[in-house]
Structure formats: structure tokens, C-alpha cells
Amino acid sequence: MRVRHFIVVSCCFVLFTVPLLSSSVSQNEPSMSLGHNIIIQQARPGPDRPGPPDFHLHIWPGVKSSRILDFRRVPPVAGRVVNMTKEIRDVTRDKKLWRTFFISPANNICFYGECSYYCSTEHALCGKPDQIEGSLAAFLPDLALAKRRTWRNPWRRSYHKRKKAEWEVDPDYCEEVKQSPPYDSGTRLLDIMDMTIFDFLMGNMDRHHYETFEKFGNETFIIHLDNGRGFGKHSHDELSILVPLSQCCRVKKSTHLRIQLLAKEEYKLSALMEESLQTDTLSPILIRPHLEAMDRRLRLVLQVLADCIEKEGYSNVVEDDLVTEGTNTGTVPQR
Ligand SMILES: *[C@@H]1O[C@H](CO)[C@@H](O)[C@H](O)[C@H]1NC(C)=O
Ligand SMILES: *[C@@H]1O[C@H](CO)[C@@H](O)[C@H](O)[C@H]1NC(C)=O
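Since the structure is predicted, the reported quantities are computational estimates derived from the model, not experimental observations. (Residues numbered from 1 in each chain as written. Chains lettered and ligands numbered in written order. Predicted model: local features only at pLDDT ≥ 70, side-chain atom pairs only at ≥ 80, totals over all residues. Heavy atoms only, no water.)

Looking at the packing of helix H7 (residues 188–202) against helix H11 (residues 288–312)
Between two packed helices, what matters for the description is the angle formed by their axes and the separation of those axes. H11 packs onto H7 with a crossing angle of 145° between their chain directions and a minimal axis gap of 8 Å. Both H7 and H11 take part in a crossing whose hand is right-handed. On H11, the residues that touch Ile197, Phe200, Leu201 and Met202 of H7 are Met294, Arg297, Leu298, Leu300 and Val301. (Axes fitted to C-alpha atoms, helices over the stretch in contact; angles between N-to-C directions. Helix = DSSP H or I, 4+ residues; strand = E, 2+ residues; numbered from the N terminus. Left-handed = near helix turned anticlockwise from the far one by under 90°. Contact = heavy atoms within 4.5 Å.)

Structure below.
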């Protein structure tokens, strides 16, 4: 019963794993071998997100859209209230994490964790007084069983106010990425393109890192753990999120077919999302304008790809992954 690992974070999230409490999983449960760590992820109020975040709105729909898009790169997530004292502070053996706990002037339990940006008492996460809502990602194998490797997203944003990222100033940036491992072989670059589309649909511009399971080496799927930044402003489409796609002009055939399908009236992404979210006990679900924004953004993705195909030719843009992977794209999307 201890925190095995404290995954460091991002600008605005604390992400770490704690063991699932035995009340939730029986001791003899075979699924224990899957690992019983959970991730608690809680959005911090950030520059573009003042006030307390609504994690239902921001994290859970990401899992749903990942499933509908058939990417399945986000572990199952559920929201619940966590007792910060009992379930985090008292069980952690991570001294660094433990040391950042404090009691606020308003007598709430707070902590700020360890991270590269915005980790200070001003950006602490505070309970009320010791209860905090978090999103718990289940069945992520214990790190002792399956180490994860964290990769910097080549298209991460510059976190310096006055310094632009390389991709912002160099239109040929993708050529450079394509030549460096692990993007020079296998499907990694195409996986990043999938991630780009996923993030654009959700309006998540905070994808600075992603992970893989170390055991599988470089040629493996990627996982997105930190999806908390999505579904901010529904009226705004952040086109800069699509830059990797417009710079690289590459997409998996399975993804291209799927988004074409989800743009059709019968399988409209918004309708599938709405249906899928309705069966959940979690509420509130995404409001209509967020769902409509996803349809609108999907059309923008298709437009970028259409421009690429016109410019570079279909076979240079669309990579046929259907032969090797045997995916079932083209069939009715799963809810
Ligand atoms: C949280 O856990 C602490 C320590 O076990 C306990 O004293 C406290 O009452 C709990 N808070 C709530 C609201 O249950
Ligand atoms: C995996 O990718 C890294 C780049 O981060 C590279 O240094 C390494 O050589 C690659 N390994 C293989 C086996 O290609």
C-alpha cells in the first residue's frame, strides 16, 4: 500500500500513481497481476484556465473520443473523490511528493508535487478540506511490471514567453523530425499524426510529452496519459495544434477512412459521442457546442488532408496500414 512512483508532470497537471485500495479490488483478484496502480490527475488552474477545473468535462470525454476514433491510446478513466490525507499523503513513500503537502491559510490540505513548470505553492492543488476530485486511470500496469518511457513531443510548445519553438519558425521542421529516430522508421510518426488529430478535436494544445512501454522498444504504440487540457473553448479551433499534420502531410489509411466515416451524417462524431456519454454515470456530459465543435474540427482535419493529397499525391500522404495491422476500420465505429 504505497505510492510506487510519482510521475512527473506537466505544466498544469499532477500525475502520479497510487495503488488501488483493497476495498476496490479483492486481494485474490486475478486482475492484480495487471498491476493495480491508478493515476490521479487533476487539472491545475492555468493561464488559459482560471478557476477550478471541471475534470469530468475535461478528461473523461477524451477517453470516449479515443475509443470512437479507434485509437484506444488512453487508459480507462473514472472520476472520484479522493481523501488526500488517507489515500495520498499517508501512503506515499515518495518523499519529494510528501514534502510538498501543506495546510493552506483557509485550513485546506494542499500539495503541489514535483514538476517542471508551475510547481509552487501558488499553483498547489487544494482539497476541501481534504477531499479532492481526481480522474483515476485504472489498469495501467504497475511500473515495476511495465516501465514506461516518456518522450518529448517534437511539436511541444515553447513554455517561454518570448521564445518560439522550432516548429513555429521552420516550415520544413517535419523533414528534420522524419530523419531522427524513432520517427525515421516504424509507425511512430504516423502515431504522432493520430495524436495530433485527437488533440485537435479536443482542443488540447498541451501535449508536451507522450509515453510508451519501455519493454516494447521504439516500434510500439504510444499512450496519452495527460488529456486534461481538452474541451476548453468550444467556439475556438486552435489550428496550431494541427501543424504537425500540415507540416508532415502523413496519415494512416485506417485513420483517414475513419474520420471520413465520422464526418458522414449517419456516423457523425458528435452523435456517437453524445450516445456514448449518455450511458455513463458521470455527469455533466459535454454540452452541445463542444460536440458540434468536434464535427467542425473533423472537417478541418479532412480539409488539411485533402490539401496535402492535392499537393503531394494520395500515396505519398496516406500510408496503407490496413494490410499489416488488420484493423477493422470502415465498419461501424464502436461506442
Ligand atoms: C480523510 O482521511 C483522514 C485520515 O484517515 C481522516 O481523518 C479524515 O476524516 C478523512 N476525511 C473525510 C472527509 O472522510
Ligand atoms: C530508439 O530511439 C532512440 C531515440 O530517442 C534512439 O536513440 C535509439 O537508437 C532507437 N533505438 C533503436 C533500436 O532504433
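After that view, the rundown keeps rolling.
A word on empty space enclosed by the protein
By the definition in use, this model includes five cavities of 30 Å³ or more. Considering only enclosed or pocket space, the largest cavity measures out at about 170 Å³ in volume. Around the largest cavity, the lining is made up of 19 residues, and of these Asn153, Trp155, Arg207, Ile241 and Pro244 lie nearest the centre. Elements represented by at least two residues in the lining of the largest cavity include exactly H7 and helix H8 (243–248). (1 Å grid on protein atoms, 1.4 Å probe; cavity = no way out; pocket = protein on both sides within 12 Å on 5 of 7 lines; lining within 4 Å. Points joined across faces, edges and corners; volume = space filled by probe spheres on them.)

Regarding the site of ligand 2
Contacts to ligand 2 come from Arg149, Trp151, Pro181 and Asn218. Within the side chain of Asn218, one N or O atom sits 2.4 Å away from an oxygen atom of ligand 2. In isolation ligand 2 offers 360 Å² of accessible surface; the protein chains occlude 38% of this area. Residue classes in the shell around ligand 2 are distributed as two nonpolar, one polar and one charged. (Near = heavy atom within 4 Å. Polar contact = N/O pair within 3.5 Å; in protein donor to acceptor, adjacent residues only side chain to side chain. Areas by Shrake-Rupley, 256 points an atom, 1.4 Å probe, with all protein chains shown as cover. Nonpolar A, V, L, I, M, F, W, Y, C, P; charged D, E, K, R; others polar.)

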